[in-house]
Amino acid sequence: MISINVYLTFDGNCEEAFLFYESVFNEGKADIRKFKEMPENPEYPLSEKDLEKVMHVALRIGKHHVLMGSDTGGEWTAGFIQGNNFSVSVNASSKADADRLFNGLSKGGQIIMPMGKTFWDSYFGMFTDKFGIQWMISFDEPDRKK
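Q: Just give me the short version of helix α1 (residues 14-25), but keep the residues and values in it.
A: End to end, α1 covers 16 Å across twelve residues, agreeing with the expected 16 Å (1.5 Å per residue, within 8%). Among all positions in α1, only Cys 14, Ala 17, Phe 18 and Glu 22 are buried. Relative to the axis of α1, the buried residues are bounded by an arc of 140° and lie together on one face. Residues of α1 that are exposed and point over 90 degrees away from its buried face: Glu 16, Phe 20, Ser 23 and Val 24. Its buried side turned inward, α1 meets β1 (3-10), β3 (54-61) and β4 (65-71).

Q: How would you sum up the pattern of salt bridges? Please name residues and give values.
A: One pass over the structure, following the stated rule, counts seven salt bridges. Its salt-bridge partner being Asp 97, residue Arg 100 comes within 2.7 Å of it at the nearest N-O pair. Of this pair, Arg 100 and Asp 97 both sit in helix α3 (residues 95-106), three residues apart, which is roughly one turn of that helix. The residue Lys 117 makes a salt bridge to Asp 121 at a minimum N-O spacing of 3.1 Å.

Q: Lay out the pairing of strand β7 (residues 123-128) with the relevant residues and their values.
A: Remark: a regular strand shows side chains that alternate across the two faces of the sheet. With five of six residues buried, β7 lies mostly within the body of the structure. Strand direction decides the pairing type here: strand β6 (residues 110-117) and β7, joined by five bridges, are antiparallel. Residue pairing in the sheet places Gln 110 in a bridge with Thr 128 of β7. Where β6 hands over to β7, the hairpin turn is made up of five residues, of which Asp 121 adopts a positive phi near 70°.

Q: Explain the packing of aromatic side chains to me, and be specific about the residues and the numbers.
A: What the rule picks out here adds up to seven aromatic pairs. Relative to Phe 18, the ring of Phe 10 has its centre 6.2 Å away and its plane inclined at 80°; by these criteria the two rings are edge-to-face. Taking the relative accessible area as the measure of exposure, Phe 10 reaches 10% and is therefore buried. Plain terms: the ring middles of Phe 119 and Trp 120 are 5.1 Å apart, the flat faces sit at 90° to each other, and that makes the pair edge-to-face.

Q: A description of a nonpolar patch on the surface should follow, citing residues and the corresponding values.
A: Taken together, the side chains of Val 6, Phe 86, Phe 131 and Ile 133 make up a nonpolar region of the molecular surface, amounting to roughly 380 Å² of accessible area. Along the chain, Phe 86 falls in strand β5 (residues 86-91).

Q: With reference to specific residues and values, describe α3.
A: A rise of 1.5 Å per residue sets the reference length of α3, with its twelve residues, at 16 Å; its end C-alpha atoms lie 16 Å apart and thus fit the reference within 8%. One or two positions beyond α3, positive phi appears at Gly 108, with a value near 85°.

Q: Residue-level account of the pairing of β1, with values.
A: Here six bridges tie β1 to β5, and the two strands are oriented antiparallel to one another. Its bridge partner lying in β5, Ser 3 is registered against Asn 91. As judged from the four bridges shared by β1 and β4, these two strands associate in the parallel manner. In the strand pairing of β4, Leu 8 is matched with Gly 69.

Q: So what's going on with the nonpolar core? Residues and values would help.
A: Core analysis: the largest hydrophobic core is formed by twelve residues, namely Val 88, Val 90, Ala 92, Ala 98, Leu 101, Phe 102, Met 115, Tyr 123, Phe 127, Trp 135, Ile 137 and Phe 139. Elements represented by at least two residues in this core include exactly β5, α3, β7 and β8 (134-139). Every residue in contact with Val 88, bar those within four places of it in the chain, is listed here: Ile 4, Asn 5, Ile 133, Gln 134, Trp 135 and Met 136. Counting residues in hydrophobic clusters, the runner-up holds eleven residues, among them Leu 8, Ala 17, Ala 30 and Leu 59.

Reading the values: the criteria
Residues numbered from 1 in each chain as written. Predicted model: local features only at pLDDT ≥ 70, side-chain atom pairs only at ≥ 80, totals over all residues. Heavy atoms only, no water. Helix = DSSP H or I, 4+ residues; strand = E, 2+ residues; numbered from the N terminus. Expected span 1.5 Å × (residues − 1). Buried < 20%, exposed > 50% of the residue type's maximum accessible area, 1.4 Å probe, protein only. Arc of directions from axis to C-beta. Contact = heavy atoms within 4.5 Å. Salt bridge = Lys/Arg side-chain N within 4 Å of Asp/Glu carboxyl O. Pairing = 2+ DSSP bridges. Phe/Tyr/Trp six-rings, centres within 6.5 Å; stacked < 30°, edge-to-face > 60°. Patch = residues over 30% accessible without salt bridge, like charges linked within 9 Å, V, L, I, M, F, W, Y side chains within 5 Å. Areas by Shrake-Rupley, 256 points an atom, 1.4 Å probe, with all protein chains shown as cover. Core = buried A, V, L, I, M, F, W, Y, C linked by side-chain atoms within 4.5 Å.

Laid out in structure tokens, this is it:
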């Protein structure tokens, strides 16, 4: 089954925002992961300040919805625009479905990260479609889903 969630991007205050959302929705604890938790990549070095930023956060809201987000960092900081700082996150039902959605929706757009296996063990890709909407497509093996 495909699911769609909103993915918010912040400029250094993601953790503060999600702790606030957590207190308002009162549905559980936000799962916060920092950039310092990911493997180092010499091609994309991060400053000490960026290492403390949120790489990914997920806050389950109700039975079927997850509010997700991250801080922008490194080379992407300059492109941050408050008010346009969201993506549509699609969790596909299969790897083939993820590829189909990625290829179809990204046609005529700009690919940011092609579909591929990630260090967090997801099949994942990002792009901006031809209408300027940012998308994230992922597929997780059934035993990885929460």
